[in-house]
Structures are given as C-alpha cells and as structure tokens.
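# Analysis of the macromolecular model
So you can see what is in the structure, the chains are spelled out below.
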Amino acid sequence: MMMLPGLIVLFVFAYLPMFGIIIAFKDYRAYQGVVGSRWVGLKNFYYLFETDDARRIVVNTLEMNALFIASVLLVALAIALLLKEVQGSSRWLAKFYQSTLFFPYLFSYVIINYFVFALLNRSDGLVNHSLQAVGGSAVSWYQSPQYWPVILTLVTVWKNGGFWSIVYLAGMLAINPELYEAATMDGASKWRQIWHITLPMLKPLIIINVLLSIGRIFYADFGLFYQVTRNAPELYPATDVIDTYVYRTLTSIGDVGMASAAGTFQAVIGFVLVLFSNWLVRRTEPQSAIF
Amino acid sequence: MQSSSLPAIRRAVPSIPRESKYRPFRPGRLAIHAVLLVLSFLFLLPLILLVSASLSSETDISTYGFTFLPHRVTFAAYEYVLQNPSQIVTAYAVTVTVTVIGTLAGVLVMALLAYPLSRTDFSWRRPLSFVVFFTLLFSGGLVPLYILVTHYLQIQDTLWALILPYLVMPWYVFLLRAYFAGLPRELIDAAKVDGAGEWRIFFQIIVPLSRPALATVALFCALTYWNDWYLALLFINNPALEPLQYLLYQISTNIETLQTSSQAFGVQIPALSAQMAIAVLAIGPITLAFLAVQKHFISGVTLGGVKGE
C-alpha cells in the first residue's frame, strides 16, 4: 500500500517508456499512436547508420566521456590527497577548501553557460581580452570545434572535481591511521605512503566508480553538450553526441524514426555496457558488485 | 587488503623511530595550503566574473570586457531587472512552487517506497527492489518519454510535467532503504506489540529517527528541481509556466528577448549585465542554502557518492 505511489510513478515514467522503444521499429504517426503505427523492422536503424552522423555522434560520445572519466578521476584524487594532508592543520581552512571546491557542483548547466560565455565570448570575454593584452589575437571560440574537447573537459572537471574529491577524501579518512604511523616510523616518505598505502586502500572505491562511469559511457551529459556549447552548429564536429542528436532530430527536425533508432541503440548498448562493467566489478571486487 | 599489508608494516616497526612527525615547521604543508588556495580561487573565478559583470555598466563591459572587479560599481542592471519584473517574478514563482512541491512529494513517496524494501520480513522485498533498480540500468530514452508525456498523458504545459518525471529517483530510494535498514529492528517489534499499525510505525518512529537521511535526500531533490531546465525545454511552451533556469536559457540564446521587451518601455537596456544580474539572482538562493547547510550537502555526498552518482 505504502509503495503504491512510488511504484506508479516508476511504472508510468520509467517502464512505459521502456516499452516505447518499439517506436524505433515502427513508422510512427502521431494520429495512429504507438501501438497503431506500422512496423518497419530495422529500417530506421538502416537509415541512421547510412548517415555520417551515426559514426560522428558515437565517436564523440565515447571520446569525450573517456576524457572526462580520466581527468575527473586524476584531479579528484589529487585534490583529495592535498585535502587529506591539511586535515589536521586548520579545521577552518580545510572546511573552506572543501566547500569552495564542491561549490560548482551546485550550478546548472544554464548558469555554467553564462560563466563560460563570460570567459569565451568573442568581443568581451576575459580570455580574448587577456590574449589581446599580451599581444595575441582574439579567437572565435564558439566557431572553433578543435578547442572544445579541452574546454568541455575543463568545465566537467571544474563542476565535478570537488564532488568526487570529497568522496575519495572520505575513503582516505576511513583508512586505519595506524598504517601511516607505522610507515612514518619506518621512515617511509610521503610519496611512498601515498603509493603503498593510500592508493591501494582506495582501489576498491576507484574501481567501482570508474566501472560505473564506463557503464554509462554511452550516455552523454546533455546539459553540458547542449547548454555550454550554446548548441552552436559550428561546434557539432566535436560536440554533437548521441543525446544532443536525439534531441535535435526529435524536436527541430521532427524525425521520430531516426531519433528513436539512435535512442534505442544507445539504450541497448548502454545496458550491455552496464552489465559488462558489473561483471568486471564482480570479478575484481566481488563484494562491491552492484548486483 | 588491510590484513595483508598490516603484518608487513608491523614487522618493520621496531626499526629506529624518526622524529619527522613532530617537526614544528613544515614548508611542505605551507606549499599544499598555497596550492589549495590558488585552486579554490580558480574554482570561484567564474562566479566572481559573473557577479562583477552584473555590477558593471553596459558600456564598461563593451570597453573593458568581463573583468574581476567592476570599473565602476552600478546597480543599473539589477534596477532594470527588478523594474520590469513580471517575467522574472513569474519564473521565480514557478521554480519555487515546483521545488517545494516536488521535494516534499518526492521525499515522501521515496521514503514510503524505501521503507517496505528495508524490512526483511517483507516477502516482496527482493523482486520489488529489482523493479526499482532496473530503472537505473535501462531506460527507454527521450523519444518514448516525450511521446508519452505529450501524446498520451497530455500533461505538457502543466506543472505536472515539471514535477512527476523526477519524483522517484532510484539512487535516493536505495540510500533511504540502506538508512532505514540500519535502524534497530527492536523498535519496530516493540511498536507492533503495542498495537501500532504499519503507517503509524512509519510516521511516528521511522521518520523522526531518519531525519539526517531524509534531509540529505530533500536537499539533493531540491537542487535537482531548482536547477532543472530540461523538462521545461521539452514540455513547456506557455511563458507563464517557465521556470527560472529555462528563462535564463532563453535569454542567453536570444538577447533580443530582453531588447524588444525593453524597447516597448523605451529604455536603454543593459543587455549583458542584466543577463548576468538575472543569473546572480538565480544562483543566490542556492548559494545561501549551501552556506547554511553545507555540512549536510557534504555528508550527503559521502553517503550517496560512494555508491556512484
């Protein structure tokens, strides 16, 4: 009884759309409805993979997500190690760092778009002004796709780095301090302690988080790619990902067949990847497998 | 891992102890503080830029570009925004309504869902847990959701479309379930002996004991609703129902929105600084909320973050 409202919401907004993937195999006409529309087999997929878009969006999605996973992990670990070193010295400062670094996590991509725009817009942006101040020339950032893998990685690290560093810091603080005391008495340097105690003890947590991210590598962060790039068509070669493609194809082009084919492709491959990464977790750290 | 590395180090302990742990002066630690300070500043930098722009005049922005400190501080942009407030007030009202209703309803519905799943004596526990969990693994994606909401439910252009899709978030259901499961079982048994029904047990025993977990989930729900523009982008066409973030999005894609509306009033408008001022107004409440309860936020991260997301 208690569970009824929650289960109904899940049924309507999660399970009904799952059955909706049959749209990808149909010639959807709004007036005929999902059930009434004609079956067309794999035709939608055939059309999708005939275009150059398919390769582009898959490659972009995988490439950018791989970049994000690696850089967020490295930066978050580095910050967490720094934060751990100052834990004992000044509580106030330690709190200040944590809060500041976590802060960007609170902003929506709409707001982040404003931030990035203040930095990068052609005529008034801080970056171009600084470039010109040192004798460089202004760059039209929003028309130069080659810079965007780096820009979006920086944005992702800025937004999520603090969040993950707190997760890893919590993991580090849970490590038995006796280990460090013993190592210090033994004369082990800080670096050796990090390498031989901290990182090995964190390994299960790192593995889980990385594998979970890999499980979701087929899903792009729609807000990041849609808002922060201002959806500029000039940037599509680098920033068009599956999620933005599905959205655009559905809403501005109105091609339900193509959009649902791309979405279904994503859902199925994504599902397989999640199962695969969980299988990997189970093999490496059986107790931390998710299911 | 602990068991394997401990003995190795213990064996090493009898060697000569060094003093390094209690050295009073530590240049290394100072360097770390310096790095962290610079990093914190870098992380705040975009925010400073935004606030500064919102306090600058339009001409200063076009002369000097965006700067960290306004050349001359002016509240013109805020005055402009607050003088023509109808659209912004409406957007604020929509956002607040959606956030409050969504958060309260979401926490209640998720807690009600999580509680039976936490009870080991509930025989449907495993299959229903899986029902919740499966939605994390697989989703139909945008197209079916879009068609469902617009064609079948026909709740586009209503507040329902902004609330319902985010009402049940499986991660938080599991977070709550884990918390409920950690509560002492004897309390429930004792209440049952006293003749309390399941609803009473839930509301009078479980809920009061679970305040920290419920507060954390509520915080993150509120953040989700406050920051959402995606559902509005998909489902809202009626300007009276546009939430704040969506209004901001529209302004950024379409500076003319502001310009035309201001020409109607016959004023010279501070387009860029006004945009930034609205953005500051949108992040103000989050910032204040964060400063007030940052402890909960950060403990929430470690509570939910360890299991990913």
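Up top you'll find the structure we're talking about.
These remarks concern the structure in this document.

Cut-offs applied
Residues numbered from 1 in each chain as written. Chains lettered and ligands numbered in written order. Predicted model: local features only at pLDDT ≥ 70, side-chain atom pairs only at ≥ 80, totals over all residues. Helix = DSSP H or I, 4+ residues; strand = E, 2+ residues; numbered from the N terminus. Buried ≥ 20, exposed ≤ 12 C-beta atoms within 10 Å, placed from the backbone. Contact = placed C-beta atoms within 7 Å. Axes fitted to C-alpha atoms, helices over the stretch in contact; angles between N-to-C directions. Left-handed = near helix turned anticlockwise from the far one by under 90°. Nonpolar A, V, L, I, M, F, W, Y, C, P; charged D, E, K, R; others polar. Parallel < 35°, antiparallel > 145°, perpendicular 65-115°, else oblique. Core = buried A, V, L, I, M, F, W, Y, C linked by C-beta atoms within 7 Å.

Further remarks concern the overall build of chain B. When its secondary structure is counted, chain B shows 16 helices and zero strands. Looking at chain B residue by residue over its 309 residues, the buried ones come to 39%. Put simply, 70% of the contacts in chain B that link residues at least 6 apart link residues at least 24 apart.

Turning our attention to the overall build of chain A. The helix and strand tally for chain A stands at 14 helices and two strands. Seen through its principal axes, chain A has C-alpha atoms that stretch 75 × 60 × 40 Å. Per-residue burial over chain A gives 42% buried out of 291 residues. Considering only intrachain contacts with a sequence separation of at least 6, the fraction spanning at least 24 residues in chain A is 68%.

This part takes up the packing of helix H5 (residues 91-102) of chain A against helix H2 (residues 27-54) of chain B. Following both chains from N to C, one finds H5 of chain A and H2 of chain B inclined at 35°, their axes separated by 9 Å at the closest point. In this structure, the crossing between H5 of chain A and H2 of chain B has a hand that is left-handed. Touching Leu93, Tyr97, Thr100 and Leu101 of chain A of H5 of chain A are His33, Leu36, Leu39, Ser40, Phe43 and Leu44 of chain B, all from H2 of chain B. Classifying every residue of the contact of H5 of chain A with H2 of chain B by side-chain character gives seven nonpolar, three polar and no charged.

Interface size is commonly expressed as the accessible area that is lost once the parts come together. Across the boundary between the two partners, chain A contributes 82 residues, which contact 80 residues of chain B. Element by element, the count of residues in the side of chain A that touches chain B is highest for helix H1 (residues 4-19) of chain A, at ten residues. Looking at the side of chain A that touches chain B, its residues break down into 57 nonpolar, 21 polar and four charged.

Here the focus is the packing of helix H4 (residues 53-86) of chain A against helix H8 (residues 148-173) of chain A. Residues and elements named next belong to chain A. Orientation of H4 relative to H8, taken along the N-to-C sense of each, is 45°, at an axis distance of 6 Å. With respect to their mutual orientation, H4 and H8 come out oblique. The element H4 and its partner H8 pack so that their crossing is right-handed. Residues Met64, Leu67, Phe68, Ser71, Val72, Val75, Ala76, Leu77, Ile79, Ala80, Leu83 and Lys84 of H4 form the contact with H8, whose participating residues are Pro149, Leu152, Thr153, Thr156, Val157, Asn160, Gly161, Trp164, Ser165, Tyr168, Leu169 and Met172.

To continue, consider the environment of Asp243 of chain A. All names here are of chain A. On the secondary structure map, Asp243 appears in helix H13 (residues 242-253). For Asp243, a count of 24 C-beta atoms within 10 Å translates into the label buried. Taking the C-alpha atoms as reference, Asp243 lies 8.7 Å from Ala262; in sequence the two are 19 residues apart.

Counting 157 residues, the largest nonpolar core has Ala118 of chain A together with Leu50, Met110, Leu176, Val217 and Ala279 of chain B as its most contacted members. Looking at this core element by element, the count peaks at 13 residues for helix H16 (residues 271-305) of chain B. The contacts of Ala118 of chain A, once residues within four sequence positions are left out, are Gly125 and Leu126 of chain A together with Pro46, Leu49, Leu50, Ala53 and Phe66 of chain B.

This brings us to the environment of Val110 of chain A. The topology assignment puts Val110 of chain A in helix H6 (residues 109-120). The exposure class of Val110 of chain A is buried, given the 27 C-beta atoms found within 10 Å. In sequence terms Val110 of chain A and Phe49 of chain A are 61 residues apart; their C-alpha atoms lie 32 Å from each other. Filtering out sequence-adjacent residues up to four positions away, Val110 of chain A remains in contact with Gln227 of chain A together with Trp229, Gln245, Leu248 and Tyr249 of chain B.

This part is about unusual backbone geometry. All names here are of chain A. We note that Arg230 has phi near 55°; this positive angle belongs to a residue other than glycine. Secondary-structure assignment places Arg230 in the loop between helix H11 (222-228) and helix H12 (236-239). The phi dihedral of Asn231 is positive, around 50°, even though this residue is not glycine. Structurally, Asn231 can be placed in the loop between H11 and H12.

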